[in-house]
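One letter stands for each residue in the lines below.
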Amino acid sequence: MFDKSTWIRLPRNVVVGHGVLDDAAAAVEELRLHGDPLVVTSPTPAEVAGDRVVEGFSDAGFDPRVVRIEEATFAAVEAVIDVAASDDVGYLVGVGGGKVIDVAKMAGEDVGKGFVSVPTAASHDGIVSGRASIPEGDTRHSVAAEPPLAVVADTEILADAPWELTTAGCADIISNFTAVRDWELAHRLKNVEYHEYAGALSRMTAEMLVENADSIRPELEESAWIVTKALVSSGVAMSIAGSSRPASGAEHLISHQLDRIAPDPALHGHQVGVASIMTEYLHSGPKGQWQDIRDALASIDAPTTADELGIGDEVIIEALTTAHEIRDRYTILGDGMSEAAAREAANVTGVI
Ligand SMILES: NC(=O)C1=CN([C@@H]2O[C@H](COP(=O)(O)OP(=O)(O)OC[C@H]3O[C@@H](n4cnc5c(N)ncnc54)[C@H](OP(=O)(O)O)[C@@H]3O)[C@@H](O)[C@H]2O)C=CC1
Ligand SMILES: O=C(CO)COP(=O)(O)O
Ligand SMILES: [Zn+2]
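Residues numbered from 1 in each chain as written. Chains lettered and ligands numbered in written order. Predicted model: local features only at pLDDT ≥ 70, side-chain atom pairs only at ≥ 80, totals over all residues.

Named according to an unreviewed UniProt entry, the chain is Glycerol-1-phosphate dehydrogenase [NAD(P)+] originating from Halosimplex rubrum. As stated in UniProt under Pathway (unreviewed entry), the record for the chain gives "Membrane lipid metabolism; glycerophospholipid metabolism." (UniProt positions renumbered as here; feature names shortened; annotations may be inferred.)

In structure tokens form, the structure reads like this:
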């Protein structure tokens, strides 16, 4: 019996560029998959890309089926599975933001069919990774899933998406700095397995994004290029590690907790960015590099305060003091922060 948990599983075709949406069918044909595609999409992504992808598959001689979802719920996953289980469906194509991609990824995993990722927003590294997250009940973090067989990221579409989705993707990458720090800490303190290559790749990806911050501007297609390449690189780091450790530490625990307790959570990337400022402070103290993280976020227009996230100060404090309960993942939060320490961290860093 094979133990796939030790395999490094990566997408085979990663197609990034202007107008590549029209190459989606070709990128899949080249994989020599059997059967027809099931295109999973949602209202806005269907308009900006989904309908064109369906047309492209039809023109290439396939008989695509389509399921539109509204939310990332288990009911949506079930609705997709119902159609995906049919014999004539050979593989799934998720056209949309993280919500659609995760639903398609999870449904594909369930029916044992491959999945192709066609992101319409460069909003986080889940668009490339072998992780899927359906935020329902108490489980907010991602679970292992098959990575996409192919990724088709059209920079024209990504550059046209609302700017905050792109800044969220950037912030998700910037948070890799603290994720790797947490991973190293867990290795030293708890003997958690650490992969040098995955850690180095994840950190380098964040460094390169920050170095290119001046070129990340609204409506500039080059921004979509830079961010998408970083998301691919971060997804590869997770695949090498066989876990989300290279890109998810305490800052992600805090964001997952905000998703549970905030009345109106902000975008995933924005939450992890703001949380990262505070966890860097916990790692390196008042004179440490937390200001560099804050400045990097500010330079690409991402939020740096609770106010900018639209989340109340007390909710931030509650998330800081309870985030360690989210999952069994050792981080700088240890066995939990006291309320006084949480207030100090949030105040010193200007988050609240
Ligand atoms: N797998 C993983 O590792 C990770 C998964 N996630 C998951 O991803 C989800 C969040 O993903 P995210 O991308 O932020 O959010 P959504 O997929 O919800 O997209 C955000 C909004 O943007 C709209 N949209 C998408 N593309 C475009 C576009 N090109 N132009 C205009 N509007 C657009 C969507 O429309 P519409 O409502 O019509 O879809 C939606 O309203 C959550 O479910 C979260 O749990 C988060 C992080 C990591
Ligand atoms: O968002 C992720 C990495 O950026 C995935 O992390 P989680 O495993 O914490 O959901
Ligand atoms: Zn993330």
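### With respect to the UniProt feature "binding site: substrate" (unreviewed entry) in the chain
Using the residue numbers shown here, the UniProt feature "binding site: substrate" (unreviewed entry) corresponds to Asp 125, Asp 172 and His 256. Excluding anything up to four places from it in sequence, Asp 125 contacts Asp 172, Leu 231, Ser 234, Gly 235 and Ala 247. Judged by the 26 C-beta atoms lying within 10 Å of it, His 256 falls in the buried class. With near-sequence residues (within four places) excluded, His 256 lies in contact with Arg 140, His 141 and Ile 326. (Contact = placed C-beta atoms within 7 Å. Buried ≥ 20, exposed ≤ 12 C-beta atoms within 10 Å, placed from the backbone.)

### So, the site of ligand 1
Around ligand 1, 29 residues are found, and the nearest of them are Ser 42, Gly 97, Gly 98, Lys 99 and Gly 126. The set of elements that each furnish at least two residues to the shell around ligand 1 consists of α2 (43–59), α4 (98–111) and β6 (131–132). (Near = placed C-beta within 6 Å. Helix = DSSP H or I, 4+ residues; strand = E, 2+ residues; numbered from the N terminus.)

### Observations regarding helix α8 (residues 196–211)
Taking 1.5 Å per residue, 16 residues should reach 22 Å; α8 reaches 22 Å between its end C-alpha atoms and fits that length. Considered for burial, the residues of α8 that qualify are Ala 198, Gly 199, Leu 201, Ser 202, Thr 205, Ala 206, Leu 209 and Val 210. On its buried side, α8 packs onto α6 (163–174), α7 (176–190), α9 (221–241) and α12 (290–299). (Expected span 1.5 Å × (residues − 1).)

### Details of the site of ligand 2
Ligand 2 sits among His 124, Asp 125, Gly 126, Arg 131, Ser 133, His 141, Ser 142, Asp 172, Ser 244, Ala 247, Ser 248 and His 252. Broken down by class, the residue content of the shell around ligand 2 amounts to one nonpolar, eight polar and three charged. Residue assignment places the shell around ligand 2 across two domains, with domain 1 (8–161) and domain 2 (164–348) each supplying three or more. (Nonpolar A, V, L, I, M, F, W, Y, C, P; charged D, E, K, R; others polar. Domains from an automatic or database assignment.)

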